[in-house]
Amino acid sequence: MSFDIDLSNPFPSGFTGGLGGPNTGDHVPPNWYIQFGMDLGAGGGTQVFAAFDAHVTRYTPDNSAADTAHVYGAQLFMRAPNDMMGGFYTHLTDVSPDMAVGSSISRGDLLGTVLRFDPTAPHLHLALVEIIGGAPNGTYQGVDLYQLFQDTANTDDVTTVTFMQDGTPPVVN
């Protein structure tokens, strides 16, 4: 059964450009959160906001001692309230000390800021997934909304996206 999610851009301001979308560069299988990553450029320290209502299912705080060229900054996995869609945000810092697994997040809530990690261009890595049949036992299928996030960057626009729950790409309304 299909459902709608309202999405807004994690960068109502400060977006500098797309740095690569799903299935490009290092965005390769097998993990949806890498393969379907959207690298959204913004200067270090730019505020990052939640793109959809969710609850945190996994949180790894920023630990500079563990940073590598590809894995750095805080990581947040979230699922929509219906557990049929989720997202992964990484390369964050300044995440609230109150952030924890189980935290409820509303679209537009401040998640943290973009972590500058030289020599990599500063950016947010955001990946979205549709969970066909719902979590935890559903089929996780990455979603490519890279163009939508580029088109709505630096705006407060809200876009309704319909997830069909049948394996087809979501419909941007």
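Remember, it's a predicted structure, so these values are computed and weren't measured experimentally. (Residues numbered from 1 in each chain as written. Predicted model: local features only at pLDDT ≥ 70, side-chain atom pairs only at ≥ 80, totals over all residues. Heavy atoms only, no water.)

A. Spatial organisation of the overall build of the protein chain. Across its full length, the protein chain holds two helices and 13 strands. Rg of the C-alpha trace for the protein chain: 15 Å, near the compact-globule value of 16 Å for 173 residues, within the 12% margin. Once the C-alpha set of the protein chain is aligned to its principal axes, its extents read approximately 45 × 30 × 30 Å. Burial analysis of the protein chain (173 residues in total) assigns 50% to the buried set. A fraction of 68% describes how many contacts in the protein chain between residues 6 or more apart in sequence connect residues 24 or more apart. With an accessible surface of roughly 7800 Å², the protein chain has 51% of that area assigned to carbon and sulfur atoms. Taking the average location of the 4 positive side-chain charges in the protein chain and that of its 18 negative ones, the two points are 5 Å from each other. (Helix = DSSP H or I, 4+ residues; strand = E, 2+ residues; numbered from the N terminus. Rg over C-alpha atoms; globule rule 2.2 N^0.38 Å. Buried < 20%, exposed > 50% of the residue type's maximum accessible area, 1.4 Å probe, protein only. Contact = heavy atoms within 4.5 Å. Areas by Shrake-Rupley, 256 points an atom, 1.4 Å probe, with all protein chains shown as cover. Lys, Arg positive; Asp, Glu negative; His and termini not counted. Charge placed at Lys NZ, Arg CZ, Asp CG, Glu CD.)

B. How the structure looks around the sheet that holds strand S13 (residues 171–172). Spatially, S1-S12-S13 is the arrangement adopted by the three strands of the open sheet, whose pairing is antiparallel. Whereas interior strands pair on both sides, the edge strands pair on one side only; in this sheet they are strand S1 (3–8) and S13. Where S1 meets strand S12 (residues 158–163), six bridges bridge the pair, whose relative direction is antiparallel. Its bridge partner being in S12, Ser8 is matched across the sheet by Val158. (Pairing = 2+ DSSP bridges.)

C. Region of the structure containing the nonpolar core. If you look at the biggest cluster of nonpolar residues, it comprises 38 residues, and the most contacted ones within it are Leu7, Phe52, Met78, Tyr89, Leu128 and Phe149. Among the nonpolar cores identified, the runner-up in size contains eight residues, and Phe88, Ala127, Val129 and Ile131 belong to it. (Core = buried A, V, L, I, M, F, W, Y, C linked by side-chain atoms within 4.5 Å.)

D. Layout of the layout of surface pockets. Estimated volume of the largest pocket: approximately 380 Å³. Lining the largest pocket are 22 residues; nearest its centre among them are His27, Ile34, His70, His91 and His125. Within the residue set of the lining of the largest pocket, elements represented by two or more residues are strand S2 (15–20), helix H1 (32–35), strand S6 (74–79), strand S7 (85–93) and strand S10 (123–132). In terms of residues, the lining of the largest pocket owes the most to one element, S7, which gives three residues. Of the residues that constitute the lining of the largest pocket, the class distribution is eight nonpolar, 11 polar and three charged. (1 Å grid on protein atoms, 1.4 Å probe; cavity = no way out; pocket = protein on both sides within 12 Å on 5 of 7 lines; lining within 4 Å. Points joined across faces, edges and corners; volume = space filled by probe spheres on them. Nonpolar A, V, L, I, M, F, W, Y, C, P; charged D, E, K, R; others polar.)

E. A look at the packing of aromatic side chains. The tally for this structure, following the rule as stated, stands at eight aromatic pairs. Measuring from centroid to centroid gives 5.3 Å for Tyr33 and Phe77, while their planes differ by 85°, and the two rings are edge-to-face. With Tyr33 in helix H1 and Phe77 in strand S6, this residue pair connects regions lying 44 residues apart in the sequence. Look at Tyr33 and you get partly exposed, because its relative accessible area is 24%. (Phe/Tyr/Trp six-rings, centres within 6.5 Å; stacked < 30°, edge-to-face > 60°.)

F. Region of the structure containing the pattern of salt bridges. Applying the stated rule across the entire model yields two salt bridges. The salt bridge partner of Arg79 is Asp83, with a shortest N-O separation of 3.0 Å. Here Arg116 makes a salt bridge to Asp118, at a shortest N to O gap of 3.2 Å. Assigned by exposure class, Arg116 and Asp118 land together as exposed. (Salt bridge = Lys/Arg side-chain N within 4 Å of Asp/Glu carboxyl O.)

G. Summary view of empty space enclosed by the protein. Evaluated as defined, the whole model comprises one cavity of 30 Å³ or more. Put simply, the largest cavity is a space of about 40 Å³. In terms of lining, the largest cavity is formed by Leu7, Ser8, Asn9, Leu148, Phe149, Thr152, Asp157 and Thr159. Broken down by class, the residue content of the lining of the largest cavity amounts to three nonpolar, four polar and one charged.

H. Examining the pairing of strand S5 (residues 54–60) more closely. As paired elements, S5 and strand S8 (residues 104–105) share two bridges and run antiparallel to each other. When the sheet's bridge partners are listed, His55 is paired in S8 with Ser104. In this sheet, S6 lies alongside S5 in antiparallel orientation, the contact comprising five bridges. Bridge pairing in S6 links Val56 to Met78.

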